[in-house]
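# Notes for the structure review
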Amino acid sequence: ELLGPGLNAAQRTLALRGLVRLLGVATDLSPEERVQAFRRAAAVANDATARTLLLSGLPAVAHVVALALAASWLDDEAVRAEAAVATVALAEAVLGTDREAAVAAARRVAEVGGDAALKERARQVVQRAAQFEDYIVGWLVAGPYSTAGMLAPALFDTAFPPEEGDGSKAAWR
């Protein structure tokens, strides 16, 4: 709706810049929702300049779904260089949480995109993944939890959402 047909080129660019800026800081939306908004904007981004603008903001999401979107644009010759930059940045960001996706994307950039320095960054992602293959590098945490009127010693004996059942009520981050 924001990038509708009633806007001229300058208005569309300004609206797209604003959207990219807002999506970069939209902490009230999940990464999936933010990337979905980028996808909707991409559907109406009818030129390379608009797609480049979207790619510039995508690394702010720092999630594997953003990595997949950036990597999908490596096939677009008009924005391949920008897609390669975004893909490597996202591969670096998600390496600890989704090693396989990060390595696959980095290998793809090393094959098809960017200048020598960018290809070197992509190779370094692959090397770091191999270096820490046997390590836990991504963590999920929940809490802190408390109960009104309870002191610390009593809290140790209290089961909170992560310890109850399947832990689905816990706010993992």
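Structure's up top.
These lines cover the structure that appears in this document, whether it is placed above or below.

### Let's talk about the overall build of the protein chain
- Scanning the protein chain from terminus to terminus reveals 8 helices and 0 strands.
- For the protein chain, the succession of helices and strands along the chain, N to C, is α-α-α-α-α-α-α-α.
- Against the compact-globule benchmark of 16 Å for 173 residues, the protein chain has a radius of gyration of 20 Å, which places it well outside the compact range.
- Oriented by its inertia axes, the alpha-carbon framework of the protein chain measures out at about 60 × 45 × 20 Å.
- For the protein chain, the proportion of its 173 residues judged to be buried stands at 34%.
- For the protein chain, the proportion of contacts with a sequence separation of at least 24, taken over those separated by at least 6, is 57%.
- Only carbon and sulfur atoms are counted for the fraction: they give 56% of the accessible area of the protein chain, which is about 10,500 Å².
- Separation between the mean location of the 17 positive side-chain charges and that of the 21 negative ones in the protein chain comes to 7 Å.

### A closer look at the packing of helix α4 (residues 64-72) against helix α6 (residues 99-112)
- The contact between α4 and α6 brings their axes to 11 Å, and the two run at 20°. As the angle between them shows, α4 and α6 are arranged roughly parallel. In terms of crossing hand, the pair formed by α4 and α6 is left-handed. Where α4 approaches α6, its residues Val64, Leu67 and Ala71 are matched on the opposing element by Ala101, Ala102, Ala105 and Arg108.
- Of the residues assigned to the contact of α4 with α6, the class counts are 6 nonpolar, no polar and 1 charged.

### Here we look at the nonpolar core
- Of all hydrophobic cores here, the largest spans 42 residues; its most connected members are Leu16, Phe38, Leu54, Leu55, Leu58, Trp73 and Val109.
- For this core, the secondary structure elements donating two or more residues are α1 (9-25), α2 (31-44), α3 (48-57), α4, α5 (80-94), α6 and α7 (116-131).
- It is α5 that provides the largest number of residues to this core, a total of 7 residues.
- Ignoring sequence-local partners within four residues, the contact set of Leu54 consists of Leu16, Val20, Phe38, Ala41, Ala42, Ala45 and Trp73.

### Some points on the side chain of Arg34
- Within the element layout of this structure, Arg34 appears in helix α2.
- Buried within the structure, Arg34 lacks any salt-bridge partner; Asp28 is the closest side chain of opposite charge, at an N-O distance of 7.5 Å.
- Dropping the residues within four chain positions of it, Arg34 is found in contact with Leu23, Gly24, Val25, Ala26, Leu29, Ala60 and Val61.

### Comments concerning the pattern of salt bridges
- Within this structure, the stated rule accounts for 5 salt bridges.
- A salt bridge links Glu120 to Arg123; its shortest N-O distance comes to 3.3 Å. With Glu120 and Arg123 both in helix α7 and 3 residues apart, the pair spans about one turn of that helix.
- Relative accessible area serves as the criterion here: at 33%, Glu120 is assigned to the partly exposed category.

Cut-off values and rules
- Residues numbered from 1 in each chain as written.
- Predicted model: local features only at pLDDT ≥ 70, side-chain atom pairs only at ≥ 80, totals over all residues.
- Heavy atoms only, no water.
- Helix = DSSP H or I, 4+ residues; strand = E, 2+ residues; numbered from the N terminus.
- Rg over C-alpha atoms; globule rule 2.2 N^0.38 Å.
- Buried < 20%, exposed > 50% of the residue type's maximum accessible area, 1.4 Å probe, protein only.
- Contact = heavy atoms within 4.5 Å.
- Areas by Shrake-Rupley, 256 points an atom, 1.4 Å probe, with all protein chains shown as cover.
- Lys, Arg positive; Asp, Glu negative; His and termini not counted.
- Charge placed at Lys NZ, Arg CZ, Asp CG, Glu CD.
- Axes fitted to C-alpha atoms, helices over the stretch in contact; angles between N-to-C directions.
- Parallel < 35°, antiparallel > 145°, perpendicular 65-115°, else oblique.
- Left-handed = near helix turned anticlockwise from the far one by under 90°.
- Nonpolar A, V, L, I, M, F, W, Y, C, P; charged D, E, K, R; others polar.
- Core = buried A, V, L, I, M, F, W, Y, C linked by side-chain atoms within 4.5 Å.
- Salt bridge = Lys/Arg side-chain N within 4 Å of Asp/Glu carboxyl O.

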